Amino acid sequence: MKQRGVCLSSCPSGYYGTRYPDINKCARASVFCPPCITECKADCDTCFTRNFCTKCKSGFYLHSGKCLEKCPDGLEANNHTMECASIGKSSPT
């Protein structure tokens, strides 16, 4: 996400994310902005949209915008980032 020329993993408070094929950006929230009212799913702590999580709640691992209790086959849980990672790439070096 881009906010004032800086790339962020998620938008700051008071902003919501918009995604387009050529740009992802943060826009200021307002009372006239229905997308700003997006509520994350129960297993998600921070989300871009209701169906795209950027940070999962404790006990869940992030994979492709979804929060999973267990990583899919071929991936392993990285307990440092709380994301599913390629096998052998879960530990920071």
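Rules used in this analysis
Residues numbered from 1 in each chain as written. Predicted model: local features only at pLDDT ≥ 70, side-chain atom pairs only at ≥ 80, totals over all residues. Heavy atoms only, no water. Disulfide = S-S within 2.5 Å. Helix = DSSP H or I, 4+ residues; strand = E, 2+ residues; numbered from the N terminus. Buried < 20%, exposed > 50% of the residue type's maximum accessible area, 1.4 Å probe, protein only. Core = buried A, V, L, I, M, F, W, Y, C linked by side-chain atoms within 4.5 Å. Pairing = 2+ DSSP bridges. Salt bridge = Lys/Arg side-chain N within 4 Å of Asp/Glu carboxyl O.

**Q** Would you mind going over the state of the cysteines with me for this structure?
**A** Cysteine pairs can be linked by a disulfide, which is a covalent bond between their two sulfur atoms. Evaluation of the coordinates by the stated rule reveals four disulfides. Note that Cys-56 is cross-linked by a disulfide to Cys-67, the S-S spacing being 2.1 Å. The S-S bond linking Cys-56 to Cys-67 shows a torsion near -95 degrees; that makes this disulfide left-handed. Within this pair, whereas Cys-56 is found in strand β6 (residues 52–56), its partner Cys-67 is found in strand β8 (residues 66–68), the two being separated by 11 residues in sequence.

**Q** Explain the environment of Ala-85 here, please?
**A** Along the chain, Ala-85 falls in strand β10 (residues 83–86). Residue classification places Ala-85 among the buried residues on the basis of a relative accessible area of 14%. Separated by 22 residues in sequence, Ala-85 and His-63 place their C-alpha atoms 8.3 Å apart.

**Q** Would you mind showing me how to read the nonpolar core here?
**A** Note on soluble globular proteins: their nonpolar side chains tend to be buried together. Listed in full, the six residues of the largest apolar core are Cys-44, Cys-47, Cys-53, Cys-56, Leu-62 and Cys-67. Sorting the residues of this core by element identifies β5 (44–49) and β6 as the ones contributing at least two each.

**Q** Whenever I open this one, the pairing of β10 confuses me. Can you help?
**A** Both faces of the sheet carry side chains from a regular strand, because those side chains alternate between them. Where strand β9 (residues 75–78) meets β10, four bridges bridge the pair, whose relative direction is antiparallel. What sits directly across from Glu-76, in β10, is Ala-85.

**Q** Whenever I open this one, unusual backbone geometry confuses me. Can you help?
**A** Most peptide bonds adopt trans geometry, and most residues besides glycine take a negative phi value. Although it is not a glycine, Ser-64 sits at a positive phi angle of roughly 55 degrees. One can find Ser-64 in the loop between β7 (61–63) and β8.

**Q** Looking at this structure, I do not really get the environment of Lys-70. What am I missing?
**A** Looking at the element boundaries, Lys-70 is found in the loop between β8 and β9. Of the residues examined, Lys-70 reaches a relative accessible area of 67% and is grouped as exposed. Sequence separation of Lys-70 and Phe-60 is 10 residues, and the distance between their C-alpha atoms is 7.4 Å.

**Q** How do you make sense of the pattern of salt bridges when you look at a structure like this?
**A** Any two side chains of opposite charge can pair, so long as their charged atoms come close to each other. Counted by the stated rule, this structure contains one salt bridge. The shortest N-O distance in the salt bridge between Lys-55 and Asp-45 comes to 3.9 Å. Here Asp-45 lies in strand β5 and Lys-55 lies in strand β6, a separation of 10 residues in the sequence.

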